[in-house]
Every structure is written in structure tokens, then in C-alpha cells.
Amino acid sequence: MTQGIHHITANSGNLDRTLDFYGRVLGRRLVKKTVNFEEPSAYHLYFGDETGNPGSILTFFVWHDAAPGRLGIGEAQDVGLAVPRQSFGFWMHRFIQNGVSFSPFEKRFGETVLPFRDPDGLRLALVGIDGLEMGPGFDSTDVPAEHAVRGIHNVTLLIDRSEPTADILQAVFGYRKAAVDGHVQRYAGSNSDAMVDLRAAGDFLPARAGAGSVDHIAFRAGDLAELRALTERLSAMGLDVTEEKDRTYFKSVYFRTSGGVLFEIATDGPGFGVDEELDRLGTGLKLPAALEPRRKLIESSLRDPASLILV
Ligand code: ZN
């Protein structure tokens, strides 16, 4: 049975800004620097805890100077990150110091939430959880382990109606309806706190992809056998699932829900240690074997996106 969310991938419009925001301000570890395997002129950055455990990972495709996206139907509305509740003072201070755009505290599902945005406008929220300070946290230069973001707490999907997505969550991924708060339904997995919240908005503008928008949500499969079993279940429901992709750090498949959100299923292994020592994660530009012969060209297009026109 599924173990919750593996990672969430969003779009960034600027490499340095994203590296600084997630690596320094939020204190996440850059566990891998690679490229979008289908579009290697774009960086693909993975941030997580010390080793990039599933459930801790936010990833970004970097589209140089991309226009901002527009929130709408078929997209994640926001991503909640778990922090110890007693760390809110630390984070408020840090947000003010670093000019991070944030909103007043809110209560969602009885939890205290501090909504904020990344430099591209991606909607995020810190969710304060009691007792989390007792668990392990990644100790970055600027964010001590006791205050560290522990991982993905929840994601809110903005969809026209909730039933088709709720069916997938329950029949395929083993989620159950856990709570309702206003117009939002919360679905929880069996052994994970990475929950999925469904906000049914009826007729509303569709989402437009761009900087600051979420590209997809990846759910965990323990191994390849589980990934295939889940794929079979999806196909039996009439959903169109892609062939298996080798993402070097995991194997995965993708499918679009009728709500318009792109879902992925990703295996837990082999993980980010497969092509870098654990103490060196994220330090080199790693390419899959198929792209390695084009490394020079890829590196120059990453340095100077305008050069692509000449290629
Ligand atoms: Zn992904």
C-alpha cells in the first residue's frame, strides 16, 4: 500500500533565486542538481532532508525568465511543510529578515498554518506540529535542526469536483477521508502525514503553467512491483498511464487525473546516493547516461539559455 507523497515538483523562473530560497532561507539540502530529462536546457533541482528521503523532497524545473503561472483548476493550490509548532517564532523572524512574503496565521483543519510564498509566487505554508522538535531534522548552516522543515505535510489540490480524484486516492493509493474543513476535504494515507486536501471549486478558470506553479505531485511506491500493481489498478479504472520512466533516482509513471492534476508514482529507491557520495550530494551537475555525450552542449545552454537558439 502506498506510503504517501514522494515529492512535489514546481516551476521556477530563476536558478540563483531558487537555490538561495530553498537552500539557505528554508534550510533544505540541495540533494541533486540535474536537468529535466526531456528538456535538458532546464535545470532540475531536488531539495530535501539530509539524504533526500521520500516525503521530504521539493523539486524545481528552472525555466529561465518564465512568465508567472496562474492559479486555477487542475493545480496544487498550496503545499504545506511540517515544522515544530514551537518554531513559528524562529520562522517569522527569518521570513522578516529575508523579505519573504507571508500572510497572517490561519487555522486549517485545527492546525496553525503560516502561509508564505517563494520568490516565484509558489504558495507554501508552514504547518506547526506539536512534538516534531523531538524527531530528527536536517541541520543546515542557517536553520538549526530543532527548527528544520521536516517534510511535506499536505498538498491542496484545486479541482472542479472532488469525486474522481477522491476515488483515485482511496481506491488506488489507500487514502481515507480524514476530515472536512469548509469546502476542503482532507485525505490521509495509512502511515504518512503527507495528506491530500481537495478543494472543489466548480467552474473556475483552468490553471496556466508558469513560474511559481506546481507541475506534479508524486506518490510513493515501495518498489517496482508496487509501482506496477498501482499502474494496473489505474489502468483498470480507465486512466491513461505513461510507460515506466527511469529517473535515475527512482522509476516512475505519470497520469493526469480527470481533475486536471498531473500525478506521478515514484519508487523509493535507488535514491540520491546512486551517483554521488552522500556527503557530496548536489555538488555536481549529474546527467543520465543517455545525455552524458551531450554534456558540453547542455552545460553551455544552461549557462546561457539564449545560446539554445543557435543549437
Ligand atoms: Zn516528479
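Bear in mind the structure is a predicted one, so any value in this text is a computation, not a measurement.

A short note on the coordination of the zinc ion
Taken together, His7 (NE2), His216 (NE2) and Glu264 (OE) make up the protein donors of the zinc ion, found 2.0 to 2.1 Å from the metal. Between consecutive donors of the zinc ion, the numbers of intervening residues give the motif H-x208-H-x47-E. Of the two residues, histidine 7 is situated in strand 1 (residues 5-12) and glutamate 264 in strand 16 (residues 262-270); the sequence distance between them amounts to 257 residues. Both residues of the pair, histidine 7 and glutamate 264, count as buried.

Digging into the pattern of salt bridges
When charged atoms on two side chains of opposite charge get close, those side chains can pair. Enumeration according to the criterion identifies 16 salt bridges in this entry. A salt bridge links arginine 24 to aspartate 20, with the nearest nitrogen and oxygen atoms 2.7 Å apart. Here arginine 24 pairs with aspartate 20, and both are found in helix 1 (residues 15-25), just 4 residues apart, close to one helical turn. The class for arginine 24 is partly exposed, based on a relative accessible area of 30%. Linked through salt bridges whose partners overlap, the residues forming this network are Lys32, Asp275 and Glu276.

Digging into the sheet that holds strand 6 (residues 106-108)
Pairing is mixed in the open sheet, where 8 strands are placed in the order 6-7-8-5-9-12-11-10. Across the chains shown, the open sheet's two edge strands, defined by having one partner strand only, are strand 6 and strand 10 (176-181). Taken pair by pair, the neighbouring strands of this sheet meet at an average axis angle of 30 degrees, ignoring direction. Bridge count between strand 5 (residues 75-84) and strand 8 (residues 123-129): 6 bridges; the pairing is parallel. The residue of strand 8 that forms the bridge with leucine 81 is leucine 126. Running at roughly 165 degrees to strand 12 (residues 195-200), helix 3 (residues 163-171) makes contact with strand 9 (151-159), strand 10, strand 11 (184-188) and strand 12 of the sheet.

Brief notes about the nonpolar core
Within the largest apolar cluster, 63 residues are counted, with the highest numbers of intra-cluster contacts made by Ile5, Leu126, Leu157, Phe173 and Ile217. If sequence neighbours within four positions are ignored, leucine 126 has contacts with Leu81, Val83, Phe88, Trp91, Phe95, Thr112, Val113, Leu114, Phe116 and Val149. Listed in part, the 9 residues of the second largest apolar core include Val31, Ile57, Ala218 and Ala266.

Things to note about the sheet that holds strand 1
Strand pairs in the sheet, formed through backbone hydrogen bonds, run parallel or antiparallel to each other. The mixed open sheet is built from 8 strands, whose spatial order is 2-3-4-1-13-16-15-14. With partners counted over all chains shown, the strands left at the sheet margins are strand 2 (29-35) and strand 14 (245-246), one partner each. In this sheet, strand 4 (residues 57-62) lies alongside strand 1 in parallel orientation, the contact comprising 6 bridges. Bridge assignment links isoleucine 8 to a residue of strand 4, and that residue is leucine 58.

Points about the pairing of strand 16
Of the pairings in the sheet, the one linking strand 13 (residues 214-221) to strand 16 comprises 5 bridges and is parallel in character. Each residue of the ladder has a partner; that of alanine 218, found in strand 16, is glutamate 264. The pairing of strand 15 (residues 250-256) with strand 16 spans 6 bridges and is antiparallel. Along strand 16, the bridge assignment pairs phenylalanine 250 with proline 270.

So, the environment of aspartate 275
Mapped onto the elements of the fold, aspartate 275 is located in the loop between strand 16 and helix 5 (295-303). Considering only alpha carbons, one finds aspartate 275 and lysine 32, 243 residues apart in sequence, at a separation of 9.6 Å. In this structure aspartate 275 touches Lys32, Thr248, Tyr249 and Lys286, once residues within four positions along its chain are discounted. For aspartate 275, the side chain forms a polar contact with the side chain of tyrosine 249, separated by 2.7 Å.

Comments concerning the side chain of threonine 34
Within the secondary structure layout, threonine 34 lies in strand 2. The exposure class assigned to threonine 34 is buried, which follows from its relative accessible area of 0%. A distance of 2.6 Å separates the side chain of threonine 34 from the backbone oxygen of lysine 286, its partner in a polar contact.

Overview of the environment of aspartate 20
What makes aspartate 20 partly exposed here is its relative accessible area of 31%. Each C-alpha atom, one on aspartate 20 and one on glutamate 50, is 17 Å from the other, the two residues being 30 residues apart in sequence. A distance of 2.7 Å separates polar atoms of two side chains, one belonging to aspartate 20 and the other to arginine 24.

Notes on helix 1
Every buried residue of helix 1 is listed here: Thr18, Phe21, Tyr22 and Val25. In an axial view of helix 1, the angular spread of the buried residues amounts to 115 degrees, which keeps them on one side of the axis. For helix 1, the secondary structure elements touched by its buried residues are strand 1, strand 3 (43-48), strand 4, helix 2 (88-97), strand 7 (111-117) and strand 8. One side-chain oxygen at the N-terminal end of helix 1 lies 3.1 Å from the backbone nitrogen of aspartate 16; it belongs to asparagine 14. Glycine 27 sits one or two residues past helix 1 and shows a positive phi near 70 degrees.

Cut-offs applied
- Residues numbered from 1 in each chain as written.
- Predicted model: local features only at pLDDT ≥ 70, side-chain atom pairs only at ≥ 80, totals over all residues.
- Heavy atoms only, no water.
- Donors = N, O, S within 2.8 Å, 3.2 Å for Na, K, Ca; no water.
- Helix = DSSP H or I, 4+ residues; strand = E, 2+ residues; numbered from the N terminus.
- Buried < 20%, exposed > 50% of the residue type's maximum accessible area, 1.4 Å probe, protein only.
- Salt bridge = Lys/Arg side-chain N within 4 Å of Asp/Glu carboxyl O.
- Pairing = 2+ DSSP bridges.
- Axes fitted to C-alpha atoms, helices over the stretch in contact; angles between N-to-C directions.
- Contact = heavy atoms within 4.5 Å.
- Core = buried A, V, L, I, M, F, W, Y, C linked by side-chain atoms within 4.5 Å.
- Polar contact = N/O pair within 3.5 Å; in protein donor to acceptor, adjacent residues only side chain to side chain.
- Arc of directions from axis to C-beta.

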